[in-house]
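Here are the chains, one letter per residue:
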Amino acid sequence: MADTAPTARPRSPLADAAPRLAAVTRSSKGALRLAELPFLAQVNVRLDAKSPAADAVALALGLQLPLEPDTVVHAGEVTAVWLGPDEWLVVGRPGTERDLESRIRTAAGDEPVAVTDVSAQRTTLLVGGPRARDLLAHGCALDLHPRAFGPGRCAQTTLARAQVVLVARDETRAGFWVLVRSSFAGYLVDWLLDAAVEHV
């Protein structure tokens, strides 16, 4: 029987954009930092936040699933992003999606839980540097002032009319993750690069 396993290496939707993103980072002299974080593991989890499964999953992941709307919990190399009262996005290192999915399913046991690997659905852009908030505010209706959208906050919103999940990273200088559907990633990068001209 012929081997039907794919032999091609995965290709990021923004592989061709890396030099342009790096050029803006260089030309801004540190004011902006733009890069793709390709192939992050992304697992969508739906379960009752008050069920025993929620506690078991939290223990298996080594972090408490965030219960406060629009918040993020980060522990080690795993991040849990609140998407709804019974829905989270668990993000991990590239290549760990199967492990995360297995840990969640095993921990939940017979409890009702929906676990879906959505890693191929989106890619992640890093937007950092002192001018990152200004750049994002140029195309996002959210109040991105640190008092309103500081570290550990997240939102499902639009950026330049593209649906994104925006995450303010925990570390003060870590900037933002912009999780965008792969089909919109090229458009969003073009917009960011164009808007960055005004902020460099």
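Residues numbered from 1 in each chain as written. Predicted model: local features only at pLDDT ≥ 70, side-chain atom pairs only at ≥ 80, totals over all residues. Heavy atoms only, no water.

Asker: Could you clarify how one ought to interpret the overall build of the protein chain in this entry?
Answerer: When you go through the protein chain residue by residue, the secondary structure sums to 5 helices and 10 strands. On C-alpha atoms alone, the protein chain measures out to a radius of gyration of 18 Å, which is about the 16 Å that the 2.2 N^0.38 rule sets for 200 residues. Reported as C-alpha extents along the three principal axes, the dimensions of the protein chain are approximately 55 × 55 × 30 Å. Taken over 200 residues, the protein chain has a buried fraction of 46%. Within the protein chain, counting contacts between residues at least 6 apart in sequence, those at least 24 apart form 61% of the total. Accessible surface, the protein chain as shown: approximately 10,600 Å² in total, 53% of it carbon and sulfur. Measuring between centres, the 21 positive side-chain charges of the protein chain sit 7 Å from its 23 negative side-chain charges. (Helix = DSSP H or I, 4+ residues; strand = E, 2+ residues; numbered from the N terminus. Rg over C-alpha atoms; globule rule 2.2 N^0.38 Å. Buried < 20%, exposed > 50% of the residue type's maximum accessible area, 1.4 Å probe, protein only. Contact = heavy atoms within 4.5 Å. Areas by Shrake-Rupley, 256 points an atom, 1.4 Å probe, with all protein chains shown as cover. Lys, Arg positive; Asp, Glu negative; His and termini not counted. Charge placed at Lys NZ, Arg CZ, Asp CG, Glu CD.)

Asker: Explain the sheet that holds strand S10 (residues 176–181) here, please?
Answerer: Pairing between sheet strands relies on hydrogen bonds along the backbone, with the strands arranged either parallel or antiparallel. Ordered in space as S1-S7-S10-S9-S8, the 5 strands form an open sheet in which the pairing is antiparallel. Of all the strands in the sheet, just strand S1 (33–37) and strand S8 (154–159) have a single pairing partner and so form its edges. On average, each strand axis in the sheet is inclined to that of its neighbour by 30°, with strand direction left out of account. Examined bridge by bridge, S8 and strand S9 (residues 162–168) share 6 bridges and lie antiparallel to one another. Across the sheet, residue Leu 159 finds its bridge partner in S9, namely Ala 162. In the packing of helix H1 (residues 18–27) onto the sheet, contacts are made with S1 and strand S7 (122–128), and the angle to S1 comes to roughly 155°. Packed onto the sheet, helix H5 (residues 182–196) meets S1, S7, S8, S9 and S10 and runs at close to 135° relative to S10. (Pairing = 2+ DSSP bridges. Axes fitted to C-alpha atoms, helices over the stretch in contact; angles between N-to-C directions.)

Asker: Just checking my understanding: could you explain the packing of aromatic side chains for this structure?
Answerer: Two measures describe an aromatic ring pair: the distance that separates the ring centres and the angle between the ring planes. Taken as a whole and judged by the stated rule, the model has 1 aromatic pair. Measuring from centroid to centroid gives 6.4 Å for Phe 149 and Phe 176, while their planes differ by 15°, and the two rings are stacked. Of this pair, Phe 149 sits in the loop between helix H4 (132–137) and S8 while Phe 176 sits in strand S10; the two residues are 27 residues apart in sequence, bridging distant segments of the chain. The ring of Trp 177 has Arg 169 sitting right over it, with the charged end atom 4.0 Å from the ring centre. (Phe/Tyr/Trp six-rings, centres within 6.5 Å; stacked < 30°, edge-to-face > 60°. Lys NZ or Arg CZ within 6 Å of the ring centre and 35° of its normal.)

Asker: Got a minute to help me understand the layout of surface pockets in this structure?
Answerer: Gaps between atoms show up when a probe of the same size as a water molecule is rolled over them. The calculated volume of the second largest pocket comes to roughly 240 Å³. Taken together, 15 residues make up the lining of the second largest pocket; nearest its centre are Phe 39, Leu 40, Ser 119, Ala 120 and Arg 122. Of the residues belonging to the lining of the second largest pocket, the class tally is 6 nonpolar, 5 polar and 4 charged. (1 Å grid on protein atoms, 1.4 Å probe; cavity = no way out; pocket = protein on both sides within 12 Å on 5 of 7 lines; lining within 4 Å. Points joined across faces, edges and corners; volume = space filled by probe spheres on them. Nonpolar A, V, L, I, M, F, W, Y, C, P; charged D, E, K, R; others polar.)

Asker: Explain the packing of helix H2 (residues 52–61) against helix H3 (residues 97–108) to me, please; I cannot follow it from the model alone.
Answerer: Helices that pack against each other are described as a pair by the angle of their axes relative to one another and the distance between those axes. Where H2 meets H3, the closest approach of the two axes is 8 Å, and the angle between their N-to-C directions is 140°. Relative to H3, the element H2 lies oblique. Of the two elements, H2 crosses H3, and the hand of that crossing is right-handed. On H3, the residues that touch Ala 53, Ala 56, Val 57, Ala 60 and Leu 61 of H2 are Leu 100, Arg 103, Ile 104, Ala 107 and Ala 108. Across the contact of H2 with H3, the residue classes break down as 9 nonpolar, no polar and 1 charged. (Parallel < 35°, antiparallel > 145°, perpendicular 65-115°, else oblique. Left-handed = near helix turned anticlockwise from the far one by under 90°.)

Asker: What am I meant to see in the pairing of S1 here?
Answerer: It is a general feature of regular strands that their side chains alternate between the two faces of the sheet. Side-chain alternation along S1 places Leu 34 and Glu 36 on a buried face and Arg 33, Ala 35 and Leu 37 on a face that remains uncovered. Here S1 runs beside S7; their pairing, made up of 5 bridges, is antiparallel. Each residue of the ladder has a partner; that of Ala 35, found in S7, is Leu 126.

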